[in-house]
Amino acid sequence: MVRSLRGRLVVLLALVMAAAIAAGLLMLGLFQQSASAQVGRAEAEIGRACDAIESAYRFYTAGWNRPAPPLDDDGLRRDLVAVAQTALRDRPGVEGGVWQGEAGALAYAFPTYEGTGPKTDLPAAELPRIAAINQSALVDERQATSRYDAASQTLLLTSCPLPGLIAGLTAWTMARVYTFAGRGYQQLMAGLAVLLVSVLAAAVLLTRLTMTWSRHVGRIETALNAHEIAALPRLPPTGERELDRIVTALNDAGERLAEARGRADDMARQMAAGERLAAIGRVAAGVAHEIRNPIAAMRLKAENAVAGNAARKDLALSSILEQVGRLDALVRRLLSVTERDTPRHETVALGAYLDRIIAAHIDLADAKRLVFERRGDADL
């Protein structure tokens, strides 16, 4: 099954050519049948024409009671010409006359001749055939017919005996059927020429359509392959109405895709900004929590120092300074978040480190009635 447009157009072209060939053969066949029918009608017509000459001759010789005139008698020849003229005057395209076996042509007539004047000369080129058909009718004593086919015409001859006054007398008629040179043949050639021109025009149009569509489709394919699917190019019109509908649909789809991509980029930026804000909020919450604890511890130490003696004040100031150091370390950590620090190992005394942690949170624990307890080897 042909699926491509090019293949379908090629199949269509082949069908058109096949139909044209079939139509041409049909026209030739019909013309040949028409030519055969014309030949058959002409053959029947010259047979009736020969019978008409025989009837006119019988009428001419009816009641003849004197001796037969000699064959070279001018009066006899004029009378026989009149007999042939009378019999053939209403039969277009039929010529004929009277023949005598020894003397040859006694009369000739072609009353329907379409030339500039009356034709009175016997066709010299056909004399051997005329003599042969008349001899055949004399021998067989009945009507005889001959047919001679040429390249452009068919020659038909008929002869019939004329009994009575003169011995060895026959009538003959002749007609030509122009099979490949007449009006019918010209009409056939004109029809075949129109058919050929139509087929050639259809072939040219289909070939041009196939090449044009293939070229346009190739350009569209190249343009689409040269760009990403998210950024379809603006395709130029091709000039083909049906193909331009596809091009317009692709251009509209590209515009909608670009708009959708723009909206998606905006949403992605908004989501990224929201995520950054959320991250900043989480960091701010963590920082606030980390700062709040030292501040609360310093407040308690300051309150105890205000209400206590000099020794407690010194201890409170020492604790406050430690919390300030803690805040400073926290600030340094915040500032170093964007910096890439190299992790380093440090050895500390675990007991002293734990004691510092407890001392930093002891006042806040006392305020909340909590008790810190450290267990284990203090020298670790």
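Residues numbered from 1 in each chain as written. Predicted model: local features only at pLDDT ≥ 70, side-chain atom pairs only at ≥ 80, totals over all residues. Heavy atoms only, no water.

As for the sheet that holds strand E1 (residues 94–100)
Then, number 1: The sheet built from five strands is open, its strands ordered E2-E1-E5-E4-E3 with antiparallel pairing. Edge positions in the open sheet fall to strand E2 (104–109) and strand E3 (144–149), since each of these has one partner strand only. Here the average twist between neighbouring strands, direction ignored, is 20°.
Then, number 2: As paired elements, E1 and strand E5 (residues 169–177) share seven bridges and run antiparallel to each other. (Pairing = 2+ DSSP bridges. Helix = DSSP H or I, 4+ residues; strand = E, 2+ residues; numbered from the N terminus. Axes fitted to C-alpha atoms, helices over the stretch in contact; angles between N-to-C directions.)

Focus: the state of the cysteines
Then, number 1: Within this structure, the stated rule accounts for one disulfide.
Then, number 2: The disulfide partner of Cys50 is Cys160, and the gap between their sulfur atoms is 2.2 Å. Here the S-S torsion is close to -110°, and the disulfide linking Cys50 with Cys160 is therefore left-handed. Residue Cys50 is found in helix H1 (residues 5–61), and its partner Cys160 is found in strand E4 (residues 154–161); the two are separated by 110 residues along the sequence.
Then, number 3: Judged by relative accessible area, which is 0%, Cys50 ranks as buried. (Disulfide = S-S within 2.5 Å. Buried < 20%, exposed > 50% of the residue type's maximum accessible area, 1.4 Å probe, protein only.)

Looking at the environment of Ala107
Then, number 1: Mapped onto the secondary structure, Ala107 falls in strand E2.
Then, number 2: In the structure, Ala107 is positioned 13 residues away from Thr120 in sequence and 9.2 Å away in space, judged by C-alpha atoms.

A short note on the pattern of salt bridges
Then, number 1: Under the counting rule described, the total for this entry stands at eight salt bridges.
Then, number 2: One salt bridge in this structure joins Arg176 and Glu95, with 3.0 Å as the shortest N-O distance. Here Arg176, found in strand E5, pairs with Glu95, found in strand E1; they are 81 residues apart in sequence, far enough to count as distant.
Then, number 3: The class of Arg176 is partly exposed, set by a relative accessible area of 26%.
Then, number 4: The exposure class assigned to Glu95 is buried, which follows from its relative accessible area of 3%.
Then, number 5: Asp266 is paired through a salt bridge with Arg269; the nearest N and O atoms lie 2.0 Å apart. Note that Asp266 and Arg269 are positioned in helix H5 (residues 241–307) at a spacing of three residues, about one turn of the helix.
Then, number 6: Take Asp266: its relative accessible area is 35%, and that puts it in the partly exposed class.
Then, number 7: What emerges from the salt-bridge pattern is a single network uniting Glu95, Glu126, Arg129 and Arg176. (Salt bridge = Lys/Arg side-chain N within 4 Å of Asp/Glu carboxyl O.)

Comments concerning unusual backbone geometry
Then, number 1: A positive phi angle, near 55°, is found at Glu141, a position not held by glycine.
Then, number 2: Locating Glu141 in the fold gives a position in the loop between helix H3 (127–140) and E3.
Then, number 3: Look at Glu141 and you get exposed, because its relative accessible area is 67%.

Focus on the packing of aromatic side chains
Then, number 1: Overall, the coordinates contain two aromatic pairs when judged by the stated rule.
Then, number 2: Taking the centre distance of 6.1 Å and the plane angle of 20° together, the rings of Tyr108 and Trp172 count as stacked. Of this pair, Tyr108 sits in strand E2 while Trp172 is found in strand E5, placing the two residues 64 residues apart along the sequence.
Then, number 3: The cationic tip of Arg129 hangs over the ring face of Tyr148; the distance from NZ or CZ to the ring centre is 4.3 Å. (Phe/Tyr/Trp six-rings, centres within 6.5 Å; stacked < 30°, edge-to-face > 60°. Lys NZ or Arg CZ within 6 Å of the ring centre and 35° of its normal.)

Description of helix H2 (residues 74–88)
Then, number 1: The end-to-end C-alpha distance of H2 is 21 Å, a good match for the 21 Å that 15 residues give at a rise of 1.5 Å each.
Then, number 2: When H2 is considered as a whole, its buried residues turn out to be Gly75, Leu76, Leu80, Val83, Ala84, Ala87 and Leu88.
Then, number 3: N-cap assignment for H2: the residue whose side-chain oxygen lies 3.1 Å from the backbone N of Gly75 is Asp73. (Expected span 1.5 Å × (residues − 1). Polar contact = N/O pair within 3.5 Å; in protein donor to acceptor, adjacent residues only side chain to side chain.)

Things to note about a nonpolar patch on the surface
Then, number 1: A cluster of nonpolar side chains, contributed by Val348, Leu350, Tyr353, Leu354 and Ile357, occupies part of the molecular surface with about 400 Å² of accessible area.
Then, number 2: With respect to the helices and strands, Ile357 occurs in helix H7 (residues 350–367). (Patch = residues over 30% accessible without salt bridge, like charges linked within 9 Å, V, L, I, M, F, W, Y side chains within 5 Å. Areas by Shrake-Rupley, 256 points an atom, 1.4 Å probe, with all protein chains shown as cover.)

Quick look at the nonpolar core
Then, number 1: In this structure, Tyr57, Leu80 and Leu169 are the most contacted members of the largest nonpolar core, which totals 26 residues.
Then, number 2: Counting residues per element, the ones that place at least two in this core are H1, H2, E1, E2, E4 and E5.
Then, number 3: With sequence-adjacent residues up to four places away left out, Tyr57 is seen in contact with Leu80, Val83, Leu162, Pro163, Leu165, Ile166 and Leu169. (Core = buried A, V, L, I, M, F, W, Y, C linked by side-chain atoms within 4.5 Å. Contact = heavy atoms within 4.5 Å.)

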